[in-house]
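Now for the letters of each chain:
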Amino acid sequence: MTPPAGASAEPFRCATAARRRGDPLVATATPARRWLLIEHPGPWPFNAFASDAIAPDVLGALAKAARSAQARLLMIRRPGRQTVGAVRRWAVIDDDPACGQVWGTWRDSLDLREAAAVVGEPLSDTVGPPRTTLLVCTHGRHDVCCAVRGRPVAAALAARWPEETWECSHLGGDRFAANVVVLPGGTTYGNLDAENAVDVVGSHLGGAVVPEHLRGVASAPPYGQAAVIAVYERYGPLPPEAVRFVAGHPVADETWACEVEVRRDGQVLRLTAQVEASAQPPALLTCGAGAETSATAYAVTSLEPV
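Read on for a plain summary of the structure. All values derive from a computational prediction rather than experimental measurement.

Right, let's talk about the state of the cysteines for a bit. Counted under the stated rule, the structure contains zero disulfides. Cysteine cysteine 137 shares no disulfide, and the gap to the nearest cysteine sulfur, in cysteine 146, comes to 3.7 Å. A relative accessible area of 2% means that cysteine 137 is categorised as buried. Take cysteine 168: it sits in no disulfide, and the sulfur closest to it among the cysteines is that of cysteine 137, at 5.1 Å. Judged by relative accessible area, which is 0%, cysteine 168 ranks as buried.

Structure below.
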């Protein structure tokens, strides 16, 4: 439909377009074994770390340590109006809740050398229940949808869980905004809004993963994420710690065999899944995309007990 003369066209928004197309969420979480979080109120440029917030040599040490540890390096800040305080926080959180997490503070860039050292080392076991951290991507300078859709979700979650909720820099999958990662565990949810985010996260924290908003688990590769989601769909409701990707290997071109472990009612069930990948029709996948590209979709074609 052609807009009336003088009317401005609706600006392209990748998340709106993706929802209209029905882009699949399955297996779109960015893999990571650990998370290195650095509090800085911003503003964050397109590359959140391309600023003078952290001295270049310290940033280099952080990036090198994160790569070696297969850790995701993110800026974080509290939702709402930002004030630049003298003391900010950093954290290293393992995807495995049993491996623990370390939190620290920093005033000067040099203080972050401790974070660089910690991210590559075994973490001591957490005393008591592991601390929950909720990350909401609100990185508007990376993609407009992350700000437009992410900030209301961050506000809604912060109203319910003020100590656990943080805004964060680019998570990936802008077209699925608002995106939320629950740590530890790295469970990634997408297509959230202020109306459903509290219910989805509340269900997760209460012991029931919501598969219809589940993008995947960061500890598994994409084909493994697809297998894990299929288990939640078939055997759920299940808590996040109940399903674990064990291993996978290719069996044909764009086809993998996966092993998944399920712990339920004191029993351990092992399942095998076959996962196939296919290319989606080309589309603009971010608000700033200059050309259409094809995303990869993953489908579980079989899921059987061992």
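From this point, things continue past the structure.
Now for the sheet that holds strand 9 (residues 214–217). Here nine strands make up an open sheet; going across it, the order is 4-3-1-2-6-5-7-8-9 and the pairing mixed. Looking at which strands have only one partner, the edges of the open sheet turn out to be strand 4 (101–106) and strand 9. Shown here is a sheet whose adjacent strand axes are inclined to one another by a mean of 25°, direction ignored. As paired elements, strand 2 (residues 71–77) and strand 6 (residues 165–168) share two bridges and run antiparallel to each other. Looking at strand 6, one finds that arginine 77 is bridged to glutamate 167.

Before going further, it helps to spend a moment on the side chain of glutamine 101. Relative to the helices and strands, glutamine 101 is located in strand 4. Residue glutamine 101 is classed as buried on the basis of its relative accessible area of 12%. Within polar-contact distance, the side chain of glutamine 101 engages the side chain of tryptophan 103 at 3.0 Å. Here arginine 131 takes part through its backbone oxygen, which lies 3.2 Å from a polar atom of the side chain of glutamine 101.

Okay, the environment of cysteine 287 next. When you line up the elements, cysteine 287 lands in the loop between strand 12 (267–279) and strand 13 (296–305). For the pair cysteine 287 and threonine 187, spaced 100 residues apart in sequence, the C-alpha separation works out to 25 Å.

Bringing the pairing of strand 2 into the picture now. Of all the seven residues making up strand 2, seven are buried; the element is thus mostly covered by neighbouring parts of the structure. When strand 1 (residues 34–39) meets strand 2, the two strands line up parallel, connected through six bridges. By the bridge assignment, leucine 37 is partnered in strand 2 with leucine 74.

Rules and cut-offs
- Residues numbered from 1 in each chain as written.
- Predicted model: local features only at pLDDT ≥ 70, side-chain atom pairs only at ≥ 80, totals over all residues.
- Heavy atoms only, no water.
- Disulfide = S-S within 2.5 Å.
- Buried < 20%, exposed > 50% of the residue type's maximum accessible area, 1.4 Å probe, protein only.
- Pairing = 2+ DSSP bridges.
- Helix = DSSP H or I, 4+ residues; strand = E, 2+ residues; numbered from the N terminus.
- Axes fitted to C-alpha atoms, helices over the stretch in contact; angles between N-to-C directions.
- Polar contact = N/O pair within 3.5 Å; in protein donor to acceptor, adjacent residues only side chain to side chain.

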